[in-house]
Amino acid sequence: MGKEIAKEHIHPPLKNLFDPLTIESKKVATVVLMLNSPEEEILAKACEAIYKFALKGEENKTTLLELGAVEPLTKLLTHEDKIVRRNATMIFGIMASNNDVKKLLRELDVMNSVIAQLAPEEEVVIHEFASLCLANMSAEYTSKVQIFEHGGLEPLIRLLSSPDPDVKKNSIECIYNLVQDFKCRATLPELNAIPPILELFKSEYPIIQLLALKTLGVITNDKASRAMLRDNQGMDHLIKILEAKELNDLHIEALSVIANCLEDMDTMVQIQQTGGLKKLLVFAENSTIPDIQKNAAKAITKAAYEPENRKFFHEQEVEKCLVTLLGSESDGTKIAASQAISVMCENSASKEFFNHQGIPQLVQLLKSDNEEVREAAALALANLTTCNPTNANAAAEADGIDPLVSILSSKRDGAVANAATVLTNMATQEALRVSIQSRDIMHALIGPLHSANMVVQSKAALTIAATACDAEARAELRNSGGLEPLIELLRSKNDEVRRHASWAVMVCAGDELMAAELSRLGALEILEEINLSVTRKNKFSEVAYNKLLNNHLSLKYSQTGYLSSSNIISDGFYDYGRINPGTKLWPLKDLCLQEPNDLRTILLVNSKSDVSPPPSTEDKSSEVGYGRSISSSSSLRRASKEKARKASYYFSAGFGSPTEEKSEPASGRNTAVSRSAAKEKGSRKSKGKKEEEKQKEEEEVTVVLKWAGEGNQDKEWSPPTDPDFCAYVYEVTKSILPITNIREQIEALAKYVAEKMGGKIPKDRLQDFSWELHISELKFQLKSNVVPIGQIKKGIFYHRALLFKALADRIGIGCSLVRGEYGRAWNEVKLMNESQKGVIGGLPPPEEYIVDLMFHPGVLMKLKTKEADRYRFL
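Residues numbered from 1 in each chain as written. Predicted model: local features only at pLDDT ≥ 70, side-chain atom pairs only at ≥ 80, totals over all residues. Heavy atoms only, no water.

Participant: Could you clarify how one ought to interpret the pattern of salt bridges in this entry?
Facilitator: It is possible for side chains of opposite charge to pair when their charged atoms get near one another. A full pass over the atoms with the stated rule returns 28 salt bridges. A salt bridge links R520 to E517, with the shortest nitrogen-to-oxygen separation between them at 2.6 Å. Of this pair, R520 and E517 are both found in helix α38 (residues 512-520), 3 residues apart, which corresponds to roughly one turn of the helix. Under the relative-accessibility criterion, R520 is labelled exposed at 58%. The salt bridge involving R536 is made with E529; its shortest N-O contact spans 3.9 Å. Each of R230, D231 and D266 takes part in salt bridges that share partners, so that together they form one network. (Salt bridge = Lys/Arg side-chain N within 4 Å of Asp/Glu carboxyl O. Helix = DSSP H or I, 4+ residues; strand = E, 2+ residues; numbered from the N terminus. Buried < 20%, exposed > 50% of the residue type's maximum accessible area, 1.4 Å probe, protein only.)

Shown next as structure tokens:
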């Protein structure tokens, strides 16, 4: 009965209730499938199992990735159950060290979910593994950006104050990775990150202290962070670390932070007052650890930028310490010591010290296999030899020239620029310059001239300016192909490159051959373009352009309208007339081959008589040049043969007097006898004789034109000859050059020129002087716009001024040629006042005169007088 009653109270099982099942899985794939379960207990246990599996090695992490465990795990980071969320976070903390997992996590954009686990209310374990995940992820740039953009920096800084050392370590490590990016670094002062970082120095774990120092080493590159470190007594903490011998494993990073802080002036004063600079010297001198020596030398370098500190270091004999560091086995220490020397030598006393010690060691470093060492040593030598010939000599005596020239072919731009600077400093002394030139320096500079680095270009051009001071060096530069890249540097947009290239061109234009080659390569046009720009021109470009123009006087006179007494007109000079800046001047050959037109006549100066007569015309061609008669004047026709013969004899004799003097031509001298003889002989001519000679002349012109157009086609072109001008040169050399008084020479030459150009022209008869018709006839007869100056028998101001200048240059009379307006031109000469001759001391400058060649030939008018002004402008 009782049993029956008991049976009545037993409830039958529910049909939809699943009995609990305990499963033991030995396959990780099965556990991964459990991550999609809705049951919290299964999720927690599956995550725990996966965590233990991933913890065993990298291969297991890869297996989990391949099984697709990452994506369902990311969803569990935001699960409501704290245990599930904690276990999922632990898995990601471990798995994020795998590169493939990192990549997938970035694609799944889980950064916000991970950062959310850093919230203050979360457990310490979650903080630990969430910060570990971020530390692993932050090693790559893309993840840095994601962490920063999702606001991960602020909670990480907060976690620096966590009581758990693992959380601190992971957080500071992540911050260290993040601050490699300048945006993150710039945000730290706003987040007040310096105080909690300094607190980490008190940690008992060296890795945390080291990461804190490394982080400070990065963020103190910014001025704001340096100021915050100083305001929070950061330097005191760093000095204490240096003083603690048991913390010697932190000394390297501590010195690195101090070196950065020394860029701040206030910090500099603070560390000097606390004796920090002395400690730097102690570390540099006494430590045997290369990295400590290196960072100590770096700190000295930063501090030495301040003059007061350089003075302090010199008093502490830091130079000896730096020279010792140059002999270190560590390349990093050698580099740091060389850089410190390059700064310390700003102090004159230190620069003098290194003259006796240091320079030989630096020269040895120039031969190092390490390119950075060579660059640093060259920088130190560059600063030591600047404005110091003694140090330049010391570097040369230490056999420094060869390695310096060798460095010019280095792949490091800094090394090349520094070596070029040292060579430039050496080249200021002639003996060293000769030694440098003997090392094939011009060929070595070709590479730097082609460099894309503007500093290298500038230094290379400056070295050429310093070493191309003689003809042999310039010839070597030309033969090495250095002119083309040098001229190309004139187009540079960099002011210093353009200035130094102009300087080098100015030096190279010192001789005629180089100037001609530079002009051929386009330097003249480029310099002209530069000088037309207010912002691009410089003093060197102007001087270089003028030096090139001095070797191209035709262009100079056309552009500037002025030739000085030092500008000697030579054969081939031609006056094209005024041209505007930037306008091209046509070559003489092209102008000669043009048909005559109504443009201004081009005046040619040429005393060469190198055109041989054609065999068919025998001596007849001596009266003509490039297909024209000498003149329509009867007296000139009679004299032309004799003039040409005498001029040819004169030039072949080298400006000497003929051994057997011939009878003077009728119009070939400026003496009264020759003039009267010409008039008497001309008056006896009959009309029939004139017609006969005119017909004969026309036949000669026809023959010569035919020869010039056909028989001379295969011969090299040469400028038209001018037998009349040859005769002029011969005559003034014989009759005017012997005159000992310079004023009398000028007066005689002026009268001679006026006589050859139509004589004296009264002012009121100037309009009746039909010189235009005469010039037009010459152009028609010559079939060209180019007219040799000796052909012109009726000339006005600019004809006479050019002839005067050309003849004066041949006999050594100094005069200038000035172009005015409206066809005016004149010559200016300088003469001492007769009353001042013989006076000793305190002589005033010579007076300037204008030579009258028109109205009163031979009269000298003082410059800046009304009379001179009327001659020039009225």
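So much for the structure itself; the text now carries on.
Participant: For this particular structure, what's the right way to read the pairing of strand β6 (residues 825-831)?
Facilitator: For a regular strand, the rule is simple: side chains alternate between the two faces of the sheet. The element β6 is extensively covered by neighbouring structure, given that 6 of its 7 residues are classed as buried. Direction of pairing for strand β5 (residues 816-819) relative to β6: antiparallel, over a ladder of 4 bridges. Paired with S816 across the strands is E828, a residue of β6. Across 4 bridges, the pairing between β6 and strand β7 (residues 847-851) is antiparallel. (Pairing = 2+ DSSP bridges.)

Participant: Which parts of the structure should I look at to understand the nonpolar core?
Facilitator: The nonpolar side chains of soluble globular proteins are, as a tendency, buried together. Ranked by size, the top nonpolar core spans 195 residues in total, and within it F313 and M426 carry the most contacts. In this structure, M426 is in contact with A392, A395, A396, I401, L404, L432, R433 and I436, ignoring residues within four places of it in sequence. In this structure, L778, L831, M861 and Y871 belong to the second largest nonpolar core, which totals 58 residues. (Core = buried A, V, L, I, M, F, W, Y, C linked by side-chain atoms within 4.5 Å. Contact = heavy atoms within 4.5 Å.)

Participant: Whenever I open this one, the sheet that holds β7 confuses me. Can you help?
Facilitator: For sheets, the rule is that strands pair by backbone hydrogen bonds, running either parallel or antiparallel. Strand order in the open sheet formed by 5 strands is β1-β5-β6-β7-β8, with antiparallel pairing between adjacent strands. The outermost strands of the open sheet, each flanked by one partner alone, are β1 (562-563) and β8 (860-862). As paired elements, β1 and β5 share 2 bridges and run antiparallel to each other. Paired with L563 across the two strands is L817, which belongs to β5. Packing against the sheet, helix α47 (residues 742-756) makes contact with β6, β7 and β8, and its axis sits at approximately 165° to β6. (Axes fitted to C-alpha atoms, helices over the stretch in contact; angles between N-to-C directions.)

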